[in-house]
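# Structural overview
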Amino acid sequence: KTNRSVIKYLCHSSVTHRIRYESWLASRGLMLSPFHVRWQTTMFNRLFAYCARINPRALYLWFSSGLVFGIISMVGSVVLLTKTLQQTLAQMTTDNPRIGSQQALQVVVPGVNLPTSQLAYFFTALLLSGVIHELGHAVAALREQVRVNGFGMFVFVVYPGAFVDLFTTHLNLISPTQQLRIFCAGVWHNFVLCVAALAFLFLLPLFLLPAYSTGGGALVTEVVQGSAADGPRGLSVGDIVTGLEDCPVRGVEDWSSCLSHLSYTPQTGYCVPVASLQPSWAHGRAFKRLDGTMDCCSNNSLTDLCFSYMKPQGKNSREREYACMPVRKMVTGTWVCRTDDDCTAHSHTASVCVTPSLENQTRFIRVTHPPNTHMLFVGYPPHLQYSVSLTNFVPRFGFLHLDLPVFLETFCKYVVSLSGALAVVNSVPCFALDGQWMLNALLEATLVTVVTDRQKRELIGFFLLLAGSALLAANVALGLWMVTAR
């Protein structure tokens, strides 16, 4: 009997504490469940109501524009997802990485194809995009006389988001066109946020003009330790890169395009006086590498490199000579060339065009970063690109932080990408997304006179939603497989 009393007391106590705990959570608008934390409040209702009364005529035009955009985006999202699915299937059957880089939409998995150093940008931009999305729904609903029960935010697994709770009875009483204005307002605001972030990114040089200059080169903000660009004669934080070989660098875009150009064009040569080609400079006996290219430096020297050139006395026979020579001494202060004729135009002395004899896809690149001497790079150009982080913005004053423009640029790019992606994904006619309600309201507004039976209209909507859901699910599933399996 005593044991029963103890068990009964413990059970009653447990239930009492659970009820108190749930009441405490409910009083603060919190709801906890596995992998899901949710918070809801009414503190922003006055702000939403104020926004809904600012200018009735302007708001009508604003949300009517959103209605038109929502219908167009619903069709456009289906086309875009279909194209993305085709590109994913094509990438699965080929090893060409360039096909994957051409995709407009890609599944993002933190820690896999999203660097952990970028997580703060990702989650902040995602939360901002979600809040602006729900703000559009709330203001549009209040303008159409639909009550907003509250606004909330949530975290599902690790992904943050936002939501608004609308009074369903009021929502069902208004016309399909009014419903469309409400349902389309979210993707419309995401699109506007995307355009605003894009405009801010485009005008960022103008906004930062008093403190930062652009167009004078690419400023190094980070060099990966142990990489090809690291070392005493490598690049350092604060260096300004102005050229790669004969390709001028005025900013980060030029840096990327120059490296891409150098990757897919033959190795450039250098004009060297004939008198400098002395046997004392270790003319070596050339031998073939495994890939068929020639080498003449067999001592693995870090300062010498094998060069090839046309024998000055044997131009008609097209006979090539090979010489292992000190690379920095050979290329410092010399003109770039493709043939011996290029050297004749720049030099009054007899010169020949010597070309580094390297393995396929390997390039010799002179990186100009005054006032320092050239950094000499030998390797795959993409390795150089991954070794260095750069920015277009050069501070005019020493006390200015190098990372401020980088932070603004990176955050704007994430807002553009994520807000645009939310606009596309939420427009898809798919169950549980805005596209479901957008499609249902559109069918009610357009098919009433054509398909008078409500059940038939609902059946049409069901099959369209089923197709849209399958399309989105296929993109997500195959996108996840491509990201995690390769």
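Rules used throughout
Residues numbered from 1 in each chain as written. Predicted model: local features only at pLDDT ≥ 70, side-chain atom pairs only at ≥ 80, totals over all residues. Heavy atoms only, no water. Disulfide = S-S within 2.5 Å. Helix = DSSP H or I, 4+ residues; strand = E, 2+ residues; numbered from the N terminus. Buried < 20%, exposed > 50% of the residue type's maximum accessible area, 1.4 Å probe, protein only. UniProt positions renumbered as here; feature names shortened; annotations may be inferred. Pairing = 2+ DSSP bridges. Salt bridge = Lys/Arg side-chain N within 4 Å of Asp/Glu carboxyl O.

## Some remarks on the state of the cysteines
What the rule picks out here adds up to 5 disulfides. Through a disulfide, Cys 271 is tied to Cys 343; the S-S separation comes to 2.2 Å. An S-S torsion of about -90° defines the bridge between Cys 271 and Cys 343 as left-handed. Here Cys 343 lies in helix H10 (residues 340–346) and Cys 271 lies in strand E10 (residues 269–273), a separation of 72 residues in the sequence. In this structure Cys 271 comes out as buried when scored by relative accessible area, which is 8%. Paired by a disulfide, Cys 296 and Cys 306 hold their sulfur atoms 2.2 Å apart. Taking the sign of the S-S torsion, 120° for the link of Cys 296 and Cys 306, the bridge is right-handed. You can see Cys 296 sitting in the loop between strand E12 (294–295) and strand E13 (304–310) and its partner Cys 306 sitting in strand E13, a full 10 residues away along the chain.

## Remarks on the UniProt feature "transmembrane region" (unreviewed entry) in the protein
Residues annotated by UniProt as "transmembrane region" (unreviewed entry) correspond here to residues 59–82, 119–136, 148–167, 187–209 and 459–483. Structurally, residues 187–209 is divided into 91% helix and 0% strand, and its ends, taken at the C-alpha atoms, are 33 Å apart. Overall, residues 459–483 shows 100% helix and 0% strand. The separation of its end C-alpha atoms is 36 Å.

## Here's the deal with the sheet that holds E13
As summarised here, the arrangement of the 5 strands in space is E14-E13-E16-E10-E15, forming an open sheet in which the pairing is antiparallel. With one partner strand each, in any of the chains shown, strand E14 (320–326) and strand E15 (336–337) form the two edges of the open sheet.

## Some thoughts on the pattern of salt bridges
With the rule as written, the count across this model stands at 7 salt bridges. Its salt-bridge partner being Arg 457, residue Glu 444 comes within 3.1 Å of it at the nearest N-O pair. You can see Glu 444 sitting in helix H13 (residues 434–446) and its partner Arg 457 sitting in helix H14 (residues 454–485), a full 13 residues away along the chain. What you see here is one network of salt bridges that share partners, running through Glu 444, Arg 454, Arg 457 and Glu 458.

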